[in-house]
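If you want the building blocks of each chain, they are given just below.
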Amino acid sequence: MKKIFSQNKKNIQFLIIGLGLIGGSIAKKLSKNNYEVLAIDKSRKILEMAKKAKAIRGGQEKIDSKKKLFVILALPPKDLLKIFQEFSNFLDASEFITDCSSVKGDIFKLVKRHNLSSKFILSHPIAGSENSGFINSKANLFKDKISTISKLPGNSSRSLNACKELWDELNATSLVLDYKLHDKIFSLTSHLPHIVAFSLISIFSKRKISQYKNFIGGGLKDFTRIAESDPIMWENIFSLNKKNLLKDINELQNEIDNFKKYISNDDATKLLSHLKKIKKTKKSLNQ
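Quick caveat, the model's predicted, so the values are computed rather than measured.

Enquirer: Please explain the packing of helix H7 (residues 179–205) against helix H11 (residues 242–264) as it appears in this structure.
Expert: The angle between the axes and the distance between the axes are what describe a pair of packed helices. Remark: H7 packs on H11, axes separated minimally by 9 Å, with the N-to-C direction vectors making an angle of 60°. Taken together, H7 and H11 sit at an angle that is classed as oblique. As H7 runs across H11, the sense of the crossing is right-handed. Residues Asp-183, Lys-184, Ser-187, Leu-188, His-191, Leu-192, Ile-195 and Val-196 of H7 pack against Asn-244, Leu-245, Asp-248, Ile-249 and Leu-252 of H11. Looking at the contact of H7 with H11 residue by residue, the classes come out as seven nonpolar, three polar and three charged.

Enquirer: Any chance you could explain the pairing of strand S1 (residues 12–17) here in plain terms?
Expert: Each regular strand shows side chains that alternate between the opposite faces of the sheet. The buried fraction of S1 is high, at six of six residues. Going residue by residue along S1, you find Ile-12, Phe-14 and Ile-16 tucked away on one face and Gln-13, Leu-15 and Ile-17 tucked away on the opposite face as well. Pairing analysis gives six bridges linking S1 to strand S3 (residues 68–73), with the strands arranged parallel. Directly across from Ile-17, in S3, lies its bridge partner Leu-73. One ladder, built from four bridges, connects S1 with strand S2 (residues 37–40); its direction is parallel. Among the inter-strand pairings, Ile-17 is bridged to a residue of S2, identified as Ile-40.

Enquirer: How do you make sense of the packing of aromatic side chains when you look at a structure like this?
Expert: What describes a pair of aromatic rings is the distance from one ring centre to the other and the angle between the planes of the rings. Enumeration according to the criterion identifies 13 aromatic pairs in this entry. Each ring, one from Phe-87 and one from Phe-90, has its centre 6.0 Å from the other, and the planes form 25°; the classification is stacked. Of the two residues, Phe-87 and Phe-90, neither departs from the other in class, the shared state being buried. For the ring pair Phe-198 and Phe-238, a centre distance of 6.2 Å and an interplane angle of 85° mean the geometry is edge-to-face. One end of the pair, Phe-198, is in helix H7; the other, Phe-238, is in helix H10 (residues 231–240), with 40 residues separating them in the sequence. A relative accessible area of 19% means that Phe-238 is categorised as buried. Among the aromatic side chains, those forming a connected cluster through ring pairs are Phe-5, Phe-14, Tyr-35, Phe-70 and Phe-96. For Lys-9, the ring lying beneath its charged end belongs to Tyr-35, and the centroid distance is 4.7 Å. Looking at Lys-28, its charged tip hangs above the ring of Phe-134, at a distance of 4.7 Å from the centre.

Enquirer: Got a minute to help me understand the side chain of Asn-155 in this structure?
Expert: Position of Asn-155 relative to the elements: it lies in the loop between strand S6 (146–150) and helix H6 (157–169). The exposure class of Asn-155 is buried, given its relative accessible area of 13%. Among the polar contacts listed, one links the side chain of Asn-155 to the backbone oxygen of Ser-117, at a separation of 2.5 Å. One polar contact links the side chain of Asn-155 to the main-chain amide nitrogen of Leu-152, over a distance of 2.6 Å. Residues contacting Asn-155, with those up to four places away along its chain left out, are Ser-117, Ser-118, Phe-120, Ile-121, Ser-150 and Leu-160.

Enquirer: Any chance you could explain H11 here in plain terms?
Expert: What sets the pattern is the α-helix's 3.6 residues per turn: residues three or four places apart point alike. Under the 1.5 Å per step criterion, the end-to-end length of H11 is 32 Å for 23 residues, consistent within 8% with the ideal 33 Å. Packing partners of the buried residues in H11 comprise H7, H10 and helix H12 (268–286). Of the residues flanking the end of H11, it is Asp-266, one or two places downstream, whose phi is positive at about 55°.

Enquirer: Is there a simple way to explain a nonpolar patch on the surface in this structure?
Expert: On the surface, Ile-126, Ile-146 and Leu-175 cluster together into a nonpolar patch covering about 230 Å² of accessible area. Relative to the helices and strands, Ile-126 resides in the loop between strand S5 (120–125) and S6. Accessibility expressed as a relative area gives 38% for Ile-126, which makes it partly exposed.

Enquirer: How do you make sense of the sheet that holds S3 when you look at a structure like this?
Expert: Remark on secondary structure: sheet strands pair via backbone hydrogen bonds, oriented parallel or antiparallel. Strands sit in the order S2-S1-S3-S4-S5-S6-S7 across an open sheet of seven strands; the sheet is mixed. What marks the edges here is a single partner per strand, and that holds for S2 and strand S7 (173–176). Strand after strand, the sheet turns through a mean of 25° between neighbouring axes, direction not considered. Its contacts with the sheet put helix H1 (residues 21–32) on S1, S2, S3 and S5, and the angle it makes with S1 is roughly 160°.

Enquirer: I keep staring at the nonpolar core and nothing clicks. Help me out?
Expert: Nonpolar side chains tend to gather and get buried jointly when the protein is soluble and globular. Among the nonpolar cores identified, the biggest contains 37 residues, and Phe-14, Leu-19, Ile-26 and Trp-167 are the most heavily contacted of them. Looking at this core, the elements that each hand over two or more residues are S1, H1, S2, helix H2 (44–52), S3 and H6. Aside from chain neighbours lying at most four places away, what touches Ile-26 is Ile-16, Ile-72, Cys-100, Phe-142, Trp-167 and Leu-170. By size, the runner-up hydrophobic cluster in this structure holds 25 residues, among which are Ile-40, Phe-87, Val-111 and Leu-116.

Thresholds applied
- Residues numbered from 1 in each chain as written.
- Predicted model: local features only at pLDDT ≥ 70, side-chain atom pairs only at ≥ 80, totals over all residues.
- Heavy atoms only, no water.
- Axes fitted to C-alpha atoms, helices over the stretch in contact; angles between N-to-C directions.
- Helix = DSSP H or I, 4+ residues; strand = E, 2+ residues; numbered from the N terminus.
- Parallel < 35°, antiparallel > 145°, perpendicular 65-115°, else oblique.
- Left-handed = near helix turned anticlockwise from the far one by under 90°.
- Contact = heavy atoms within 4.5 Å.
- Nonpolar A, V, L, I, M, F, W, Y, C, P; charged D, E, K, R; others polar.
- Buried < 20%, exposed > 50% of the residue type's maximum accessible area, 1.4 Å probe, protein only.
- Pairing = 2+ DSSP bridges.
- Phe/Tyr/Trp six-rings, centres within 6.5 Å; stacked < 30°, edge-to-face > 60°.
- Lys NZ or Arg CZ within 6 Å of the ring centre and 35° of its normal.
- Polar contact = N/O pair within 3.5 Å; in protein donor to acceptor, adjacent residues only side chain to side chain.
- Expected span 1.5 Å × (residues − 1).
- Patch = residues over 30% accessible without salt bridge, like charges linked within 9 Å, V, L, I, M, F, W, Y side chains within 5 Å.
- Areas by Shrake-Rupley, 256 points an atom, 1.4 Å probe, with all protein chains shown as cover.
- Salt bridge = Lys/Arg side-chain N within 4 Å of Asp/Glu carboxyl O.
- Core = buried A, V, L, I, M, F, W, Y, C linked by side-chain atoms within 4.5 Å.

Have a look at this one:
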C-alpha cells in the first residue's frame, strides 16, 4: 500500500474537530509522530491546553490552502451530524474525512446527501473509556486496539488507504465492517451493556445508598464502571441507534424473565442448566 501521510508530512495538515478523549488522543499521537495537527473545539480553554501540551499547533486560522487537508471528526454523534452544515467549507476542501462515532446510520445519510462519499470513510476506534475529555487523552490510547472501517458506495481506494494508514499511525488494527452491521453489533456489545450499568446504578439511587456503600465489592465496581461515562455522549448513542437497541433491550428483558420464572418456581434444575449454558457461552467469547 502506497504511503499517503508519512511520505508527505510537510505537505499535509490534520484538522481534528473535537478535542475530547478520542480527538485529544489522536492529536497527541499524530503530533508525536511529527505531523502538523490543528483543531477546532467549542472550548477555548481546551484549545489552549492542547497547544500547551503540544498536541496541536493551532486552530482553523492556521490552515494552509496550499497543503492537503485531512479532517477527523471526534464529536458526540449528534454534534457530529451538525458539522455537515457548520464546517462544510472544511469538508469540501479536504482530501479525506473520517469520524470516530459508534453509531453510523445517520452519518451515512448525510455523507450521501452532501456528496462526500468519495472521501468520507466511516471509522470507529474501540478505545473509549468512562474517563472523558482532553484531560484524560493520551498518545498511546489506540495501541493494540481495533478500529472498524466501513466502506460506503463511492469510496475511493485512495481514501480507504488513507483511513487504514491513519489508524496504523495511531497503532490500531483496522477491521472492515459494513455500517449497518456495525450499528447492530455495537448495540449488543457496547450500547446495551451501558444501559444495564446505568439501570443498575439507577436502582441504587432509589435506595438508601449508605446501607450498601461499605459492601460494594470488585464485581459490582467492575460491572458498573461504565455508568460513570459521559451522559451526553450516551444519550446521543442511545437515541441514534434506537432500532437496534430497543430490539436488544427486549431480548434482555426476556432473559431476565427466564431467571425470574426459574427462581419464582423454585426450579433449581432449569436454573442450574441455564447458568451452565451461559457459562459455556461466556468461555467461548474468551477464546
